[in-house]
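# Structure at a glance
Listed below are the residues making up each chain.
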Amino acid sequence: MDYGLKPLGREKLWLWLMLAPTLIGLIFGTVGSLLATLALSLFNWDLINSPQWAGAENYIQLFQNKDYIEAFVNTLKFSALYVPSVVVISLLLAVLLNRKIYGVGFFRTVYFLPTVTSAVATALVWNMIYGKETGILNFLLESLGFAPVCWLCTDNAMLSVVIVNVWGAVGEGMIIFLAGLTAIPRDYYEAASLDGANEFQQFFKVTLPLVTPSIFFQTLISAINAFQAYDYIYMLTRRGQGDSSVPVAVYSIYRNAFHFFRMGDASAQAIQLALLVAVFMGIMFWWERRYVVYE
Amino acid sequence: MSKSLYKTLLDVLAYAVLLFGALTMLVPFLWMISVSFRVPAEQFSRNIIPNPFTLQNYFDLFEDLPNQAFLYLTVNSFKLSILAVIGQVLTCAMAAFAFAIVKFKGRDFLFALLVATLMIPPQVSLIPNFIIFKYLGWIGTQLPLIVPAFWGGAFGTFLLRQYFLTIPRDLVDAARMDGASLFDIFWRIYLPLSKPAVAALSIFVFKDAWNDLLHPLVYLPTDMQKTTLTVGLAFFQQQLQMGGKFTVLMAGAFLSILPLLVIFFIAQKQFIEGVALSGVKR
């Protein structure tokens, strides 16, 4: 591309002053710290004694460390439950809202509320809702004749945390899908209905193929969020010792770095998380080239 | 079945699903508000209408937490969120202007690099940043939360650059003929013309800073006067596990989301369009 103003004389200085904060951010915030984390992962360092060379040891230990394997598996499980739920539910909501329905504004506002408000504040209420003896969810179950459930006990905590995370995310997904749906020309539906296609056939033959770019985007964003999920997990599953009943990869990184000051282990785990994101994105972009329809 | 009856049935089904969903979304908020107006003896009551109704929890929030902690927490949250908005808008706008309008060597490479950093999980930067801040003696101060807000960001720069590119180029050429400098063009033409994009970015940055749990947890002291509302509420909850008034906790939770609710209802359009934009433009 060859557009743009040429800076004259002293304006060159201005130009680099305007770029300076961003350059500092690249050096200290993102690119530089990626390299620094890579380097740190090759050492053992508690921030008190001088760093000890460890080579690949921290990475090898990741595969032997039971706690970390549990955390990593939890992250995968969490994502496998969370991502499809968010994508399917927010697409369903968007399709329903797109039916020229009365009160679209109301529904949009209500579904969007959890996206705006802090996970900490809403998790405080969810903690009350999930209460075993005192929570309203069990009250509801009991009045329908079911046995009460210990929602935040180890066996169910994963599911309960996924529910809250999905609850907090469908509003944003719905908006993304609505934007995609309104971009589909109305004539397509008119043509389909002239050909005798009913609403379900229209959904599968017209809507779904044309909304694949939004599905792609929403899957990508949801997965990246899932790999990094932390706030609700911290708030709902944290135990007295500072550990969690559903430890995920990010939880493990923070615990290792800022509770135990094992900077090398934490860095190796952070690099593995970054690799997970990178591999997933690679798969997604391959999938995009094959299946996503752009007009 | 006639076509119109079929359509009505589907409409009814759609409403049923949407209303059920809306209720699920609303109940936690209604419950939060309801509990915050109850007397402590009624805190686990299944009745959503507080009986008796009391405002006492809101007074307790300011009086019971030692040393007016709730007031400090609120002030800290506002201070850090506003500084984050100023830092991000200013530094992202400057970079976005350079990338969108100015011609210089390495521009496209630098911009591609910046956008690529969107893929780096923030957890990766946290460890080296913590170490740098520790050596600077900043741990336990608010500087690790303020300074990074002033070093730009890929999301904000990308958002503003996209907007800057839609502003007609003729304006720049005309201003240049009149002898305007680069900085004049940025400050007097581009920033004032980009109010919608700046508003959208400000809202996002404010929301993220206000709701942030991790960074204050890592960097700020565990002192109820020095940390932010989110962390303060999390600590408060931990203390309550040993028995205490959830009514006061819910009052705190409700007050903590109130500023964002107000902003959301005022600027709903920017909020929702901002999300839609990030999805469509990619």
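If you're wondering where the values come from, they're calculated on a predicted model, not measured in any experiment.

Tallying secondary structure elements over chain B gives 14 helices and 0 strands in all. Going from N to C terminus, chain B has its helices and strands arranged as α-α-α-α-α-α-α-α-α-α-α-α-α-α. Rg of the C-alpha trace for chain B: 24 Å, well past the compact-globule value of 19 Å for 282 residues, more than 25% over. Once the C-alpha set of chain B is aligned to its principal axes, its extents read approximately 75 × 75 × 35 Å. Here chain B holds 282 residues, and the buried ones make up 42% of them. Counting contacts in chain B only where the partners sit at least 6 residues apart, residues at least 24 apart contribute 72% of the total.

Let's shift gears to the overall build of chain A. Summing up its helical and strand segments, chain A has 13 helices and 2 strands in all. Relative to a compact globule of 295 residues, whose C-alpha radius of gyration would be 19 Å, chain A shows 24 Å and is clearly more extended. Within chain A, the fraction of its 295 residues that count as buried is 40%. Intrachain contacts of chain A at a sequence separation of at least 6 include 70% that bridge at least 24 residues.

Attention now goes to the domain arrangement of chain B. Residue and element names in this part refer to chain B. According to the domain assignment, chain B contains domain 1 (3-58) and domain 2 (59-281). For domain 1 versus domain 2, the distance between C-alpha centres works out to 32 Å. Of the residues lining the interface, 11 residues belong to domain 1; the matching set on domain 2 comes to 11 residues. Those elements giving two or more residues to the side of domain 1 that touches domain 2 turn out to be α1 (3-36) and α2 (56-64). Here the side of domain 1 that touches domain 2 is built from residues that sort into 6 nonpolar, 4 polar and 1 charged.

Before going further, it helps to spend a moment on the domain arrangement of chain A. Taken domain by domain, chain A consists of domain 1 (11-40) and domain 2 (57-291). Just the C-alpha atoms count here: the centres of domain 1 of chain A and domain 2 of chain A sit 32 Å apart.

Many analyses report the size of an interface as the accessible area lost when the parts associate. The interface is formed by 78 residues belonging to chain A together with 78 residues belonging to chain B. With 19 residues, helix α1 (residues 11-40) of chain A is the single largest residue contributor to the side of chain A that touches chain B. Of the residues assigned to the side of chain A that touches chain B, the class counts are 56 nonpolar, 15 polar and 7 charged.

What follows covers the nonpolar core. B:Phe97, B:Leu201, B:Met250 and B:Ala253 are the most contacted members of the largest nonpolar core, which totals 149 residues. For this core, the element with the highest residue contribution is helix α3 (residues 69-101) of chain B, accounting for 17 residues. Setting aside its immediate chain neighbours within four residues, B:Met250 contacts A:Leu124, A:Val125, B:Met32, B:Val35 and B:Ser36.

All right, on to unusual backbone geometry then. Residue B:Pro52 follows B:Asn51 across a cis peptide bond; omega there is 0°. Relative to the elements of secondary structure, B:Pro52 occurs in the loop between α1 and α2. Notably, A:Leu47 is not glycine yet its phi reads approximately 75°, a positive angle. Residue placement: A:Leu47 occurs in the loop between β1 (43-44) and β2 (52-53).

Residues and elements named next belong to chain A. Where α1 contacts helix α13 (residues 263-291), the axes come no closer than 8 Å and their chain directions differ by 125°. Considered as vectors, α1 and α13 are oriented oblique to each other. Seen from above, α1 lies across α13 with left-handed handedness. Touching Thr-37, Leu-38 and Leu-40 of α1 are Met-263, Gly-264, Ser-267, Ala-270 and Ile-271, all from α13. A breakdown of the residues in the contact of α1 with α13 according to their chemical character gives 5 nonpolar, 3 polar and no charged.

The next point concerns the environment of B:Ile82. For B:Ile82, the position within the fold is in helix α3. Linking B:Ile82 and B:Phe206, residues 124 residues apart in sequence, is a C-alpha distance of 6.7 Å.

Time to look at helix α13 (residues 246-266) of chain B. The end-to-end C-alpha distance of α13(B) is 30 Å, a good match for the 30 Å that 21 residues give at a rise of 1.5 Å each. Its maximal kink placed at B:Leu258, α13(B) deviates by approximately 35°, while the proline B:Pro259 follows within four residues.

Time to look at the environment of B:Thr166. All names here are of chain B. Structurally, Thr-166 can be placed in the loop between α7 (154-165) and α8 (169-177). What makes Thr-166 exposed here is the crowd of 10 C-beta atoms within 10 Å. Along the backbone, Thr-166 and Val-102 are 64 residues apart, and their C-alpha atoms lie at a distance of 15 Å.

Time to look at the confidence of the model for chain B. For chain B, per-residue confidence averages 90 on the pLDDT scale, and residues scoring 70 or more make up 95% of the total. With a pTM of 0.92, the predicted complex shows an ipTM of 0.90.

Between α1(A) and α3(B), the shortest axis-to-axis distance is 8 Å and the interhelical angle comes to 125°. Overall, the two elements α1(A) and α3(B) adopt an arrangement that is oblique. In the crossing of α1(A) with α3(B), the sense of the turn from one axis to the other is left-handed. For the pair formed by α1(A) and α3(B), the contact residues are A:Leu15, A:Met18, A:Leu19, A:Pro21 and A:Thr22 on the first element and B:Thr91, B:Met94, B:Ala95, B:Phe97 and B:Ala98 on the second. A class-by-class count of the residues in the contact of α1(A) with α3(B) yields 8 nonpolar, 2 polar and no charged.

Reading the values: the criteria
In every chain, residue numbers begin from 1 and rise along the written sequence. Lettering for chains starts from A, numbering for ligands starts from 1, and both go in the order in which the items are written. pLDDT decides what is reported in this predicted model: residues at 70 or higher carry local features, side-chain atom pairs at 80 or more are listed and counted, and totals for whole chains, interfaces and linings draw on all residues regardless. Strands are runs of DSSP state E lasting at least two residues, helices are runs of H or I lasting at least four, and both sets are numbered from the N terminus onward. Atoms counted for the radius of gyration: C-alpha only. Globule rule: 2.2 Å times residue count to the power 0.38. Here a residue counts as buried when 20 or more other C-beta atoms sit within 10 Å of its C-beta, as exposed when there are 12 or fewer, and as partly exposed otherwise, the C-beta atoms being derived from the backbone. Remark: residues whose backbone-derived C-beta atoms lie within 7 Å of one another are considered to be in contact. By convention here, the domain bounds are inherited from an automatic or database domain assignment. In this classification, the charged set is Asp, Glu, Lys and Arg, the nonpolar set is Ala, Val, Leu, Ile, Met, Phe, Trp, Tyr, Cys and Pro, and all remaining amino acids, among them Gly, are polar. By definition, a nonpolar core groups buried Ala, Val, Leu, Ile, Met, Phe, Trp, Tyr and Cys residues that are joined through C-beta atoms within 7 Å. Helix axes are fitted to C-alpha atoms over the stretch in contact, other axes to C-alpha atoms as well, and angles between N-to-C directions run from 0 to 180 degrees. Each angle gets one of four labels, with under 35 degrees taken as roughly parallel, over 145 as roughly antiparallel, 65 to 115 as roughly perpendicular, and the rest as oblique. Two helices crossing with the near one rotated counterclockwise from the far one by less than a right angle form a left-handed crossing, whereas a clockwise rotation gives a right-handed crossing. For a helix, the expected span equals 1.5 Å multiplied by the number of residues minus one. Two axes enter the bend calculation: one fitted to the seven residues ending at the residue in question, the other to the seven starting there, and the bend is the angle between them. pLDDT: the predictor's confidence for each residue, scored from 0 to 100.

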